[in-house]
Structures are given as C-alpha cells and as structure tokens.
Amino acid sequence: MKKIYLLVVAMFAMFSCSGEPDPVSIIPQPHIVIEGKGSYQLPNNPVIAVSSDELIPAGELLALKIGGEVIKSTEGDVVITINQNPAKKGAYLLDIDDNGVAIVVSNYQGAATAVASVMQLLPVEPTNRALPFVSIEDEPRFDYRGLMLDVSRHFYSVEEVKKMLDYLHMYKLNKFHWHITDDQGWRIEIKKYPLLTEKGAWRKLNGHDRECAKRAELENNPDYAIDPNKMRINGTDTLYGGFYTQEDVKEIVAYATQRGIDVMPEIDMPGHFLAAVTNYPFVACEGSVGWGEMFSSPVCAGSDQAIEFCKDVYAEIFELFPYEYVHLGADEVEKTNWKQCKDCAKRMRDNRLKTPESLQAWFVKDMEKFFNANGRKLVGWDEILEGGLSETATIMWWRSWAKDAVHVATAQGNEAIMTPNFVCYFDYMQDVNSLKNLYNYDPTGNDFTPEQQKLIQGVQGNVWCEYIPSFDRLEYMTMPRILALAEVGWSALDSKSWTDFLERVPAQLGRLDKMSVNYRVPDLMGFYKSNVFIDTAVIDVKSVAKGTRIHYTTDGVVPTINSPRYTKPITVTETTEFQFATFRPDGTRSDVSTTVYTKQTPIASVKPDGALKNGLKAMWYNYRGGKCSEITGAKLFGEYTVSAVAIPEKVSGNIGLDITGYINVPADGIYTFSLLSDDGSQLYVSGAEVVNNDGPHAPREVIGQVALAKGLHPLRVLYFDHNGGQLQLQLVEKDGTYISIPENWYKH
Ligand code: ACM
Ligand code: ZN
C-alpha cells in the first residue's frame, strides 16, 4: 500500500516538474532572441544565486514566482551576475541551457526586467516548470516607460496599487507616475497639514460617482459600482474616499523599487488643487474658492504664504520619494481669479509679467528652483510651455492639439515624455482601433531632428479615473493596452510588428486568465460596424483571444453565455443586425460588438446638367462647436476647390467644412470608405449617410460601406475642429488595404 502511494507521489512529482516548454513568446518583444532545442526543467526548490547584495531583492522577486532560496554565490540553478555589460539601464543577457538559467546585468533594473522575462518563459500552466533553451540579448528603446494612475477620482488600496505595479513589472514598464492629489480627493498624508487627508480625502458622492452607479445599473456591470468599503459615516454624512499614510507610501515605493520601478509623485498645482484650497483657504486668492469657468480655483500665485504651503507639501514628498524626477502637474489652470486678485496683480507688477500665462510660468519656475535646491528635476504637463518654459524642466506632452509643444521644448533643449491623449489615454474607451493605433505610435516619429529625438525620454499611458471606480474596471481599461504600450516603449522599431504582436497576445491573455485579470478581450475582427451586400454575405468572425468563446444574437438582445455560440462563418441573406459578445474562460463577458449587414441594390448614378470641373468644393464656416449638423449655420469664411477630402491649406482655427461634389466610381459594386477625422465628420453618398464619425473626439477612423452603380454620385463630407485637426477619406479594399481615392474621381 505504502509502495503504491510512494509510486503515485513520485509519478505526480515527475509529472508536475517535467513537461514541454511553451513556445518563446515575450511581450515586449526582446531585442535578440535565439531559440535553442530542448528545455531545462526548473527544480521545485531552485537555488537562486546572486553575485552581490544589491541583487538579493531581484532574486527574491524571482523566488516569489518560482520558489527556492536566494544565496550570494556564483553557482545555482539560476545565477544573476552584475558586471559592466550590457551597459544600458534595464538591459540584460539571459541564457537558458542544460546548466540552468544565467542572467547578466549591469544594474538593478536589468535584473528586474530579466526576472520579468523568465516569468514569461515559464509555461502558462503553473505545474509545468519547463524553461525553453534560449539566448536573449535585450535592452530598452526608451529609458522612460510609464503608466500614470489617478487615485484622486477614486481611491485604490495599497494592495491594488501593488497589483498594478506587478503588471508594470511583468511588461517592463519602469515608471509609475502617481497622480496622487486632485480636486476630487487628496490621497497622501502630509503631516504639517493634517486637514488635507482628514477632510480632503473624503467627499460626498459627486456627479462622476452617480454616473458610475448609473452605468453599473444600466449596463448590468458591477465593475462600475461604488465600493461600499470605501465609504464611512461622519455624523449625518456618508463620505467616500481614503488615503495613504506616509508608511503606506513607503511600502509602495519599496515594492516598486524591488520591481525596478521608479515612482514619480504628482501633487498637481497650481490648479486641480481644490482639496487643498478648500481646507486651507489662505492658499487660494482671497474670497474665491470653488469652480471657475472651466476649472477649480488655483493657488494664489501672489501670496507668499500660499507658495510656502506648496513648498512645505513638496518637502514632505521629497522625503518619501527617492526618484529624481517629480511631477508638478500645472495643467488646466483657471486663471480668472488671478486676473481679479490684488496679490496676483502685485506679483505681476513686481516681476513685469504681462499675462496670466506668464504668472503661471513664474510660479512653475519658482517651484522648480525649490525642486532643484532639493536635488530634484521638475516635470510638468505641456502647459508649462505657456508663458515661457525654463531651460531645465521636462514637459509631458498630452494635448494632441498643442501640436508644436514637443518641437518647441526640445528645440530649446528640454526633455520630453510623450503621452498624447489620442493614443495614451487609457481612460478613453477602447474600440477596434485603439490597440493598433497605440501599438503603431512612434514617440520620435514626427520630423524631430536627431538632437530632438535624444531628448524624448519615452512614453506613458495615463489612466484618469473619473469613471473607473473599481480595480476590476481599472484592469479592464488598462489591459491589454499595457502590452501594446510596453512594446512602444521597449522594443526597437525594426523588431516591432503589429501582426507579430497579435500572434504573441494570446499567450499573454492565457497568463492573465490564470492571474484572474479582468482584461478586455481585443475586438473581434472580420466585419465593419456597418456592412453592405447585394445578394449574400458571409460573416467570418476572427478573434485574437484563443481561449475565449463567442456568442451572438440577431434580435437586439445582449448575448449571454446561453445565446447561440459562434463556431463557423455565417451566410447572411437578409438585412441583419448581429451582436457578438466574447466571454473569457471564467465565463465573464467582455465588450459587445454590434454590426449591421444591410442588403442593398446599387444606388443609381446621376447625370448632372452642364460641364463639371475637377475636384470638390469646400466651404469654410467659422464654426466652433461639436456637431456636424450645425456647421452650415455658422458664418461663411471662404470657399476653396480641393483635389481630395482634406482641410484646405489656408483653413485653420475654427473649422467647419462642408465639402461637396460628385464621386465618379468606375464600376458597379460595394465601396468601403474610411473616414478619419479629429474632431467630428460625416460622409454622405447620394444622400445616404455612409459614415457617421460625428462629435468632438481625438483622431478616429470610422468605416462604412455603400453599394453604388457605375458613374457619378453626389458626395458630401461635413467636418469640424478647433485648432489643428485632421481629415482624410480613403477607400478600403476587400483584403483590408487602404488606397487613396484617385483625384480624377472627384468632380464638382
Ligand atoms: C491632463 O489630462 N489634464 C493632463
Ligand atoms: Zn491671487
């Protein structure tokens, strides 16, 4: 009996230790990967040897995943050695062969990133400990690869923040930008000013909270619910919030440091500072605490006492955060109070400042001197350019409409970090293009000189959390975007490929499934939002996520796990609206895709009277709003002939365009139009709306189809934007390739 028992145990042990390795599939894609033949069976209690004391935390980090003990030695199952090569911060060499795992780094960050690679080389199945033979030489493209988390709009616990840091580490993001205070909540204990957290960390439920609660109900989505554990009763009030003690902060910084992550705090000022000015009113201009036209009352830049307050706060921040770079914020400052305040007026007179923008620049520069005196470098949102940028501050570019910001800053020799809202704002809803657009974003790819490129430190995703009240929702908004961001920041341009990335995503989703991460299943492919067919169509749905199931409905009802399961292409013979939903292996639903297949006979062409000229007619209206249908109600500014659907050269500022004419299509058939715009646009062909890309938004492409008979069809594009903008109309071929519309197709 005993013998059999031992045999079973031995077999189980063998089974649990040995297995085939998973194919090498790492995100972000390493610099050089040479795969070998065979695998190394990691023992159950491996000896993790490190060559110096400073590497012990990295060894322990690996031990958290693979077990075993960490010793200072040059011999072990895993050996991490520090020497001069490779020199780049975060770079590492990793070799796995019969002898085990050998890692060589030149700094701690390299050890932390190498550990992340080993974790991704372990099979997804936790009982399988086969590591593939491989030789990796890896280094990051950018020094700065960050994620910003806003903990003001909703509070996340220490454990939740740590979980997020685990994800950053897993994907080699090495900067955690902690947006730790804002109008809606002050989240860090400041010993000199206790009211900041005693009162400023708690609020009555606000409009965002009510909207979240509404979505939780309407969308039947508990991830939007306000967490009752983050409420407390205070007299007759129920307050919502929370904060980190200074001990919590130290714990989080230590946790990040072990994972090779620098924590950059941001105490946003002089605006977004309501939690401070309401609890210490001397910080604001006299008699003006609350909301202005656009944003909240800022710090009184004329008051020495207010500025002292700001410096006192940062003095405590410097004690808690060792990272050299510290973020002052300085975005979105309401300047109406400054225009009315006598102290601000005096400050402006004394310093010969002509505009409120230059007063803001004065404030930022004064704070920067304080930062520098404390051995810190100042980072600010790109508004710190307005009114004059110092020679040393780093700008964080977010306003995609402030197109020149990075050019101006880097031409002056300042460093820049790229977080343009159109790809890097992870609070924006994900759609079919968001992952791909982010993946293809090149932080240095915008006519920068080589000198300017060197000043671009890297890239960051920003998660603003107004509508992210839970950690589950946070995971949903950030995953898998973090994977694409990681590759933008880490992988060399020539080793980046969207199609190859898509091949590597499923293995990661498998890992995230095992970790119970509430990631958003990438969009289904194989159809447009609106499709047209003449006789029949075949809908062939493709999914990146192999482990997920697709269910669908055709009756307008949101699919459940009990709805018909999609297993093979469907032939469509009548106009049908489909809703497809993906379900993760644990049965939870991800987003729903709606697609309409419309049966259409080709629209007859027209024969306009009189001779036609080449090109289209573009009318420019002085429109500053958010709706295509309103454009032609504004004052007419000018009239142009254009050879393509585009913004005419001379048109800028308040743009409302009404572009009209004809499109001359060469044959009967279904035409697929892609309309890309920033902000809104609409396309009509023969009076029918083909693309609706209306509303204020960052660059966004919407595709639509229409069946057309050979010949001329009336065409109309409406478009609006304020400040810059983008407009492009293209054709999409059956195989998905984009082609420009030939100029000679356009007439008017
Ligand atoms: C920002 O999004 N206000 C930096
Ligand atoms: Zn003032």
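As shown above, the structure is provided for reference.
Residues numbered from 1 in each chain as written. Chains lettered and ligands numbered in written order. Predicted model: local features only at pLDDT ≥ 70, side-chain atom pairs only at ≥ 80, totals over all residues. Heavy atoms only, no water.

## Regarding the coordination of the zinc ion (ligand 2)
In an ideal octahedron of six donors the angles at the metal are 90 or 180 degrees, and in an ideal tetrahedron of four donors they are 109.5 degrees. Around the zinc ion (ligand 2), the donor atoms from the protein are Cys 285 (SG), Cys 300 (SG), Cys 341 (SG) and Cys 344 (SG), and they sit 2.3 Å away. The coordination sphere of the zinc ion (ligand 2) comprises 4 donor atoms, whose angles at the metal cover 107 to 111 degrees; the geometry is tetrahedral. Positions of the donor residues of the zinc ion (ligand 2) along the chain correspond to the pattern C-x14-C-x40-C-x2-C. Here Cys 344 lies in helix 11 (residues 342–350) and Cys 300 lies in the loop between helix 8 (274–279) and helix 9 (304–320), a separation of 44 residues in the sequence. (Donors = N, O, S within 2.8 Å, 3.2 Å for Na, K, Ca; no water. Tetrahedral: all angles 85-135°; square planar, octahedral: opposite > 155°, others 65-115°. Helix = DSSP H or I, 4+ residues; strand = E, 2+ residues; numbered from the N terminus.)

## Section: empty space enclosed by the protein
All chains considered together, the criterion is met by 1 cavity of 30 Å³ or more. Computed from the structure, the largest cavity encloses a volume of approximately 40 Å³. Lining the largest cavity, in full, are Gln 109, Ala 112, Thr 113, His 169, Lys 172, Leu 173, Asn 174, Arg 259 and Gly 260. If you tally residues by element for the lining of the largest cavity, the top one is helix 3 (residues 108–121), at 3 residues. Of the residues in the lining of the largest cavity, the class split is 2 nonpolar, 5 polar and 2 charged. (1 Å grid on protein atoms, 1.4 Å probe; cavity = no way out; pocket = protein on both sides within 12 Å on 5 of 7 lines; lining within 4 Å. Points joined across faces, edges and corners; volume = space filled by probe spheres on them. Nonpolar A, V, L, I, M, F, W, Y, C, P; charged D, E, K, R; others polar.)

## A short note on the side chain of Asp 679
Along the polypeptide, Asp 679 turns up in the loop between strand 29 (669–678) and strand 30 (681–685). Within the buried set, Asp 679 has no salt-bridge partner at all; the shortest N-O distance to an opposite charge, 8.8 Å, is to Arg 624. Leave out the neighbours within four places in its chain, and Asp 679 touches Asn 693, Gly 695, Pro 696, His 697, Ala 698, Tyr 719, Phe 720, Asp 721 and His 722. (Buried < 20%, exposed > 50% of the residue type's maximum accessible area, 1.4 Å probe, protein only. Lys, Arg positive; Asp, Glu negative; His and termini not counted. Salt bridge = Lys/Arg side-chain N within 4 Å of Asp/Glu carboxyl O. Contact = heavy atoms within 4.5 Å.)

## Some words on the packing of aromatic side chains
Throughout the structure, instances matching the rule amount to 35 aromatic pairs. Pairing Phe 273 with Phe 309 gives two aromatic rings, centres 6.2 Å apart and planes at 80 degrees, and the pair type is edge-to-face. In this pair, Phe 273 sits in the loop between strand 14 (262–269) and helix 8 while Phe 309 sits in helix 9, placing the two residues 36 residues apart along the sequence. With respect to burial, Phe 273 and Phe 309 carry one shared label: buried. Here Tyr 552 and Phe 580 contribute two aromatic rings whose centre-to-centre distance is 5.7 Å and whose plane-to-plane angle is 40 degrees, an arrangement assigned as tilted. Pair noted here: Tyr 552 is in strand 22 (residues 549–553) and Phe 580 is in strand 24 (residues 576–583), with a separation of 28 residues, a long-range link. Since its relative accessible area comes to 19%, Tyr 552 is described here as buried. One aromatic cluster is present, built from ring pairs that chain together Trp 186, Tyr 193, Phe 273, Tyr 280, Phe 282 and Phe 309. (Phe/Tyr/Trp six-rings, centres within 6.5 Å; stacked < 30°, edge-to-face > 60°.)

## A closer look at the sheet that holds strand 20 (residues 530–533)
One open sheet holds the 4 strands; their spatial order is 20-25-24-22, and the pairing between them is mixed. Strands with a single pairing partner mark the edges of an open sheet, and in this sheet they are strand 20 and strand 22. Strand-to-strand twist across the sheet, computed as the mean angle between neighbouring axes with direction ignored, equals 25 degrees. (Pairing = 2+ DSSP bridges. Axes fitted to C-alpha atoms, helices over the stretch in contact; angles between N-to-C directions.)

## A word on helix 17 (residues 471–478)
By the criterion of burial, helix 17 is predominantly enclosed, with 7 of the 8 residues buried. Turning to helix 17, its buried residues number three or more, namely Phe 471, Arg 473, Leu 474, Glu 475, Tyr 476, Met 477 and Thr 478. Buried residues in helix 17 make contact with strand 8 (144–150), helix 4 (158–170), strand 19 (456–463), helix 18 (481–490) and strand 25 (589–599).

## Re the sheet that holds strand 6 (residues 100–105)
Pairing in this open sheet of 7 strands is mixed, and the strands run 1-7-5-6-4-2-3 from one edge to the other. Pairing within the sheet leaves two strands with one partner each, and these edge strands are strand 1 (32–41) and strand 3 (69–72). Averaged over all neighbouring strand pairs, the angle between strand axes comes to 20 degrees, with direction disregarded. Helix 2 (residues 56–66) rests against strand 2 (47–50), strand 3 and strand 4 (78–82) of the sheet, and its axis sits at about 165 degrees to strand 2.

## Some words on the pairing of strand 25
Pairing analysis gives 4 bridges linking strand 20 to strand 25, with the strands arranged parallel. Looking across to strand 25, one finds that Phe 533 is bridged to Lys 599. By the bridge criterion, 7 bridges tie strand 24 to strand 25 in an arrangement that is antiparallel. Across the sheet, the residue bridging to Phe 578 is Thr 595, located in strand 25. Turn length for the strand 24-strand 25 hairpin, with the two strands adjacent in sequence and antiparallel, is 5 residues, and the turn residue Gly 587 shows positive phi of about 90 degrees.

## Remarks on the side chain of Gln 682
In this structure, Gln 682 sits in strand 30. Residue Gln 682 is classed as buried on the basis of its relative accessible area of 7%. Within polar-contact distance, the side chain of Gln 682 engages the side chain of Tyr 684 at 3.5 Å. At 3.1 Å, the side chain of Gln 682 and the side chain of Glu 689 are in polar contact. (Polar contact = N/O pair within 3.5 Å; in protein donor to acceptor, adjacent residues only side chain to side chain.)

Purely geometric numbers; function is a separate question.
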